[in-house]
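What follows is each chain in one-letter form.
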Amino acid sequence: MDALNFIYQQIKDEINNILILEKKEELFSYFDNTQLTQLNDNYATIATSYLGKIILDKDDIKEIINSAIKKVLKKDILCKIVTTTNDDYANDINNELIEKELNDNLLPEFTFDNFVVGPSNKQARMAAHACAVSPGQSFNPLIIYGNSGLGKTHLLNAIGNYVKAHDKEKKVLCISSMNFVNEVVKAINNNTIEEYKSQLNSVDILLVDDIQFLSGKRKSEEIFFNIYYELFNNRKQIVLTSDRPPAEIKDIENRLKTRLSQGLSVTISSLEYETAYQILKLKLKMHGIEDGCIDDDVISFMATNFSSDVRNLEGAINRLLFYSINLFETKKIDLSLALEAFKDQDFTTGRGKDLLNVDIIVKAVADYYNLTEKQIKSKSRTKNISTARHIAMYLSRKILDISYDKIGEEFGGKDHTTVINAYEKIENLVKTNEIYKKIITDIEKTLSK
Ligand code: ADP
Ligand code: MG
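These figures come from a predicted structure and were not determined experimentally.

What counts and how
Residues numbered from 1 in each chain as written. Chains lettered and ligands numbered in written order. Predicted model: local features only at pLDDT ≥ 70, side-chain atom pairs only at ≥ 80, totals over all residues. Heavy atoms only, no water. Near = heavy atom within 4 Å. Polar contact = N/O pair within 3.5 Å; in protein donor to acceptor, adjacent residues only side chain to side chain. Areas by Shrake-Rupley, 256 points an atom, 1.4 Å probe, with all protein chains shown as cover. Helix = DSSP H or I, 4+ residues; strand = E, 2+ residues; numbered from the N terminus. Nonpolar A, V, L, I, M, F, W, Y, C, P; charged D, E, K, R; others polar. Disulfide = S-S within 2.5 Å. Buried < 20%, exposed > 50% of the residue type's maximum accessible area, 1.4 Å probe, protein only. Pairing = 2+ DSSP bridges. Axes fitted to C-alpha atoms, helices over the stretch in contact; angles between N-to-C directions. Contact = heavy atoms within 4.5 Å. Expected span 1.5 Å × (residues − 1). Patch = residues over 30% accessible without salt bridge, like charges linked within 9 Å, V, L, I, M, F, W, Y side chains within 5 Å. Salt bridge = Lys/Arg side-chain N within 4 Å of Asp/Glu carboxyl O. Core = buried A, V, L, I, M, F, W, Y, C linked by side-chain atoms within 4.5 Å. Parallel < 35°, antiparallel > 145°, perpendicular 65-115°, else oblique. Left-handed = near helix turned anticlockwise from the far one by under 90°.

Asks: Help me understand the site of ligand 1 in this model?
Replies: Around ligand 1 lies a shell of 18 residues, among which Val116, Gly149, Lys152, Thr153 and His154 are the nearest. Contact between ligand 1 and lysine 152: an oxygen atom at 2.9 Å from a side-chain N or O atom of the residue. Contact distances for ligand 1 include 2.7 Å between an oxygen atom and a side-chain N or O atom of histidine 154. For ligand 1, the protein covers 94% of the area, taking 560 Å² as the surface of the free molecule. Contributions of two or more residues to the shell around ligand 1 are made by helix 6 (152-166), helix 11 (273-286) and helix 13 (310-327). Residue composition of the shell around ligand 1, grouped by class: six nonpolar, eight polar and four charged.

Have a look at this one:
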């Protein structure tokens, strides 16, 4: 992935985020085949198909794109929508057909080749590789667990991509358990659950991401159990990921837990400095920044300050790239440029939990969503206001660790069960939805200043 592409991924995440808040999710698919082709201090050029331009080149959509750009790059840059030179209508339709045929949901960019191995992930990588080389014949099921941002989804996709590349006959399917639940609900409503089940039963390798999300979803869990049982008995490979060891997943049935414990569980632990350092080197290289273009102490600095989660590292690279592309006419990234790029990310002198209170959190969430503090504490049930309120409640509990009762009081006398529901809802979303995860991290960042 080159630098523009990398930045554009973050912008697209933001666009999606805004579309969800504005309840315009259906528009997101128009961004599928778009590309950021140019970026300078004033303009971001986005190329799309002829049809795409008709939809995207409207003031209200461009406004959404502009504010997403601002969020990612912290600058006022305006988007320009252009058509790709080789576009025609037929091309669009062909692409669509191809996509349908290859619907294994695998992310092609996650492979074993670009997975850096270190003590923290060595065991997981080895087990994943063994499953990829001889599916169904080594560890079955394989469960990879660990905190977020440490490479579980990467390894899961690497298995699928490896199998696909080495054995075209094998049918691979990768699905997050959140999508699985959605598909099950949809299939039940449409009376197509049997078809869905037999579709899943026909795969050779089933990869399920974030299995902890099945917790409390009785019907989906039961269907998953049946599929699991069928695949397992037919010696098909199953690989699952989770944010915690299977035995600790709350609210799933014991028979499923027992089944899961028959396989191999491996964990990925926090990155050690050296692994973070190597990952950084690799990611920089993937973005076209060769060793000679960046001082070693910049890489050490980043590995030290952002290594708790690889997504932090990627965010740091993102900022650095933007600075080096646009703000400085420099060929070499040195520590002073890096410090300039990170100057508003105050990682050394956080404000500290005792200086925070519910009102500061409410204000941060209000600022983030462009709402007033009063709206957040109100009883309004408008979707974006209530989502913002739930996020503020979640953060109050998470950061301040005060009782649900107390939080209810602070939010205009709400019942503690309302607060618990809000907390659990957002907690689930953060674990299963990258966009929510990013929203929370972004707000937390503003709070640590
Ligand atoms: P998780 O699923 O555990 O939350 P991901 O697999 O989504 O984490 O990883 C987050 C990001 O970090 C991805 O872009 C991934 O490519 C990268 N990453 C994590 N671990 C490694 C590694 N060992 N080598 C290279 N990239 C990694
Ligand atoms: Mg993941």
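So much for the structure itself; the text now carries on.
Asks: Just checking my understanding: could you explain the state of the cysteines for this structure?
Replies: In a disulfide, the sulfur atoms of two cysteines are held together by a covalent bond. Throughout the structure, instances matching the rule amount to zero disulfides. Unpaired in this structure, cysteine 131 has its nearest cysteine sulfur neighbour in cysteine 174, at a distance of 14 Å. Using a relative accessible area of 1% as the deciding quantity, one classes cysteine 131 as buried. Note on cysteine 174: relative accessible area 6%, which makes it buried.

Asks: Mind showing me how you'd approach the sheet that holds strand 3 (residues 78-83) here?
Replies: Pairing between the strands of a sheet is mediated by backbone hydrogen bonds and can be parallel or antiparallel. Here we have three strands laid out as an open sheet, ordered 1-2-3, and mixed in their pairing. Every interior strand has two partners, whereas the edge strands, strand 1 (35-39) and strand 3, have only one. Averaged over all pairs of adjacent strands, the angle between their axes in this sheet comes to 30°, without regard to strand direction. Across the sheet, helix 1 (residues 3-21) is in contact with strand 1 and strand 2 (43-48); its angle to strand 1 comes to roughly 115°. Helix 3 (residues 59-73) contacts strand 1, strand 2 and strand 3 of the sheet and is inclined by roughly 125° relative to strand 3.

Asks: Mind showing me how you'd approach the sheet that holds strand 7 (residues 237-242) here?
Replies: Ordered by their spatial adjacency, five strands build an open sheet running 5-6-7-4-8, and the pairing between neighbours is parallel. Single-partner strands in this sheet number two, and they are strand 5 (172-176) and strand 8 (264-267). Pairs of neighbouring strands in the sheet enclose a mean axial angle of 15°, with direction left out of account. Here four bridges tie strand 4 (residues 142-145) to strand 8, and the two strands are oriented parallel to one another. Bridging across to strand 8, isoleucine 144 finds its partner in valine 266. Across the face of the sheet, helix 5 (residues 122-133) comes into contact with strand 4, strand 7 and strand 8 while running at roughly 140° to strand 8.

Asks: Explanation requested: helix 20 (residues 434-447) in the structure shown.
Replies: Along its 14 residues, helix 20 runs 20 Å from first to last C-alpha, staying within 8% of the 20 Å computed at 1.5 Å per residue. Looking only at helix 20, the buried set comprises Ile435, Tyr436, Lys437, Ile439, Ile440, Asp442, Ile443 and Leu447. Where helix 20 begins, one side-chain oxygen reaches toward the backbone nitrogen of isoleucine 435, 2.8 Å away; that side chain belongs to asparagine 433.

Asks: Looking at this structure, I do not really get the pairing of strand 5. What am I missing?
Replies: When a strand is regular, its side chains alternate between the sheet's two faces. Taking burial as the measure, the five residues of strand 5 include four buried ones, the bulk of the element. Both strand 5 and strand 6 (residues 205-209) contribute to a ladder of five bridges, which runs parallel. Bridge pairing links serine 176 to aspartate 209 in strand 6.

Asks: When you look at a nonpolar patch on the surface in this model, what are you seeing that I'm missing?
Replies: On the surface, Tyr50, Leu51 and Ile54 cluster together to form a nonpolar patch covering roughly 310 Å² of accessible area. Turning to its location among the elements, leucine 51 is positioned in helix 2 (residues 50-56). Take leucine 51: its relative accessible area is 36%, and that puts it in the partly exposed class.

Asks: Help me understand the nonpolar core in this model?
Replies: Nonpolar side chains tend toward joint burial in soluble globular proteins. With 76 residues, the main nonpolar core has Ile65, Ile144, Leu207, Met302, Leu320 and Phe342 as its most contacted residues. In this structure, leucine 320 is in contact with Ile294, Val298, Met302, Ile333, Leu337, Ala338, Ala341 and Phe342, ignoring residues within four places of it in sequence. Ala364, Tyr368, Ile399 and Tyr423 belong to the second-largest nonpolar core, a separate cluster that totals 39 residues.

Asks: Help me understand the pairing of strand 2 in this model?
Replies: Of all six residues making up strand 2, five are buried, and the element is well covered by its neighbours. Relative to strand 2, strand 1 runs antiparallel, the two being bridged by four bridges. When the sheet's bridge partners are listed, glutamine 38 is paired in strand 2 with threonine 45. What sits between strand 1 and strand 2 in their antiparallel hairpin is a turn of three residues. Pairing of strand 2 with strand 3 involves six bridges; the strand directions are parallel. Among the inter-strand pairings, alanine 47 is bridged to a residue of strand 3, identified as valine 82.

Asks: Explain the packing of helix 17 (residues 383-400) against helix 20 to me, please; I cannot follow it from the model alone.
Replies: Between two packed helices, both the angle of their axes relative to each other and the distance between the axes serve to describe the pair. Taken N-terminus to C-terminus, the directions of helix 17 and helix 20 make an angle of 60°; their axes are 11 Å apart at the nearest point. As summarised for this structure, helix 17 and helix 20 are arranged oblique, according to the angle between their axes. Crossing hand, helix 17 versus helix 20: right-handed. Facing helix 17, whose interface residues are Thr387, Ile391, Tyr394, Leu395, Lys398 and Ile399, helix 20 presents Tyr436, Ile439, Ile440, Ile443, Glu444 and Leu447. Classifying every residue of the contact of helix 17 with helix 20 gives nine nonpolar, one polar and two charged.

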